[in-house]
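# Overview (structure and organization)
In case you want the letters, here they are:
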Amino acid sequence: RIIRSISAAAQHKESLARWRNQYRPCKQYPSGLPSDLDDALCQAAVFGDCHRIVELCNARANPNCSIPARTDYLGPDTVLSRVAAKGSGRAAALLIRSYGAKASNVGSSSGQSAIHFAAKFGHANVLKLLLRSHVDKDATVQDSATAANECKGYTPLMLAVKFNQPFTALVLLQAGARTDVQAPDGKTAKALSHTGTEQGKFISDILDQSQ
């Protein structure tokens, strides 16, 4: 048992050293140097890098880890949320099916889970995968512990409408997403539609047809 523990520790150290040498800077890690395997996994998720995700998860990185909270950050702050924002269906499937990533995990900074990011960034492929994983299609954006959140109380459908994403709005409506949910600001999905654009008119029409 002691030998196995020493071996696992050595593998962890070797894996971290390898990934520290291969990562480049990004918004959340300006130095480009992750401090541990979980940080390295978060960076792999940013780039939708399936090969690195597999290697890091096999080296015991935590697929349900959270990105450290920042007072100015409302972006994707879990590994799966980052993959959802990137639109990598293959990486999302790997994390959920092979490594036990929980699709319903809510980030402490953003108050959002992967389904919210997939909806507002227009990634229908990831959204369909999350819905098949039995994520609540009407889950609302939660209070953020670290930043003011203007989208508090919004459902994935409301975010798809707000960010003018017709494909994810359609997927959610076909899955039976509610159109009558009211956010704390009193708005419904219909009230958020951008009728001055073609996409917005399409979204408004399918919302009308779903009511």
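Scroll up to find the structure.
Here we summarise the structure given alongside this text.

Criteria and thresholds
- Residues numbered from 1 in each chain as written.
- Predicted model: local features only at pLDDT ≥ 70, side-chain atom pairs only at ≥ 80, totals over all residues.
- Heavy atoms only, no water.
- Helix = DSSP H or I, 4+ residues; strand = E, 2+ residues; numbered from the N terminus.
- Buried < 20%, exposed > 50% of the residue type's maximum accessible area, 1.4 Å probe, protein only.
- Axes fitted to C-alpha atoms, helices over the stretch in contact; angles between N-to-C directions.
- Parallel < 35°, antiparallel > 145°, perpendicular 65-115°, else oblique.
- Left-handed = near helix turned anticlockwise from the far one by under 90°.
- Contact = heavy atoms within 4.5 Å.
- Nonpolar A, V, L, I, M, F, W, Y, C, P; charged D, E, K, R; others polar.
- 1 Å grid on protein atoms, 1.4 Å probe; cavity = no way out; pocket = protein on both sides within 12 Å on 5 of 7 lines; lining within 4 Å.
- Points joined across faces, edges and corners; volume = space filled by probe spheres on them.
- Salt bridge = Lys/Arg side-chain N within 4 Å of Asp/Glu carboxyl O.

Although it is not a glycine, R60 adopts a positive phi angle of roughly 80 degrees. Within the element layout of this structure, R60 appears in the loop between α3 (50–58) and α4 (79–86). Taking relative accessible area as the criterion, R60 reaches 71% and is therefore assigned exposed. Its identity is not glycine, yet N164 carries a phi of approximately 60 degrees, on the positive side. Within the secondary structure layout, N164 lies in the loop between α8 (156–162) and α9 (166–174). A relative accessible area of 18% means that N164 is categorised as buried.

A pair of packed helices can be characterised by two numbers: the angle between their axes and the separation between those axes. Where helix α2 (residues 37–46) contacts α3, the two axes come as close as 9 Å, and the packing angle between them is 160 degrees. It follows that α2 is roughly antiparallel to α3 by the angle criterion. α2 and α3 meet at a crossing whose hand is left-handed. Of the residues in α3, those in contact with L37, A40, L41, A44 and A45 of α2 are R52, I53, L56 and C57. For the contact of α2 with α3, the per-class residue count stands at eight nonpolar, no polar and one charged.

The next thing to look at is empty space enclosed by the protein. Applying the stated criterion across every chain yields a total of one cavity of 30 Å³ or more. Approximately 30 Å³ is the volume attributed to the largest cavity. Lining the largest cavity, in full, are P63, N64, T78, V79, L80, A101, K102 and N105. For the lining of the largest cavity, a count of residues per class yields four nonpolar, three polar and one charged.

Here we take up the packing of helix α5 (residues 89–98) against helix α7 (residues 124–132). With their axes 9 Å apart at the nearest point, α5 and α7 run at an angle of 20 degrees to one another. By the criterion of interaxial angle, the relationship of α5 to α7 is roughly parallel. When you trace α5 past α7, the crossing you get is right-handed. Every residue of α7 that contacts α5 at G89, A92, A93, I96 and R97 is listed here: N125, V126, L129, L130 and R132. Here the contact of α5 with α7 is composed, by residue class, of six nonpolar, two polar and two charged.

What follows is about the pattern of salt bridges. The full count for this structure, using the stated rule, is five salt bridges. Between R52 and D49 there is a salt bridge, with its nearest N and O atoms 3.3 Å apart. Judged by relative accessible area, which is 15%, R52 ranks as buried. One salt bridge in this structure joins D143 and K152, with 3.3 Å as the shortest N-O distance. Taking the relative accessible area as the measure of exposure, K152 reaches 36% and is therefore partly exposed.

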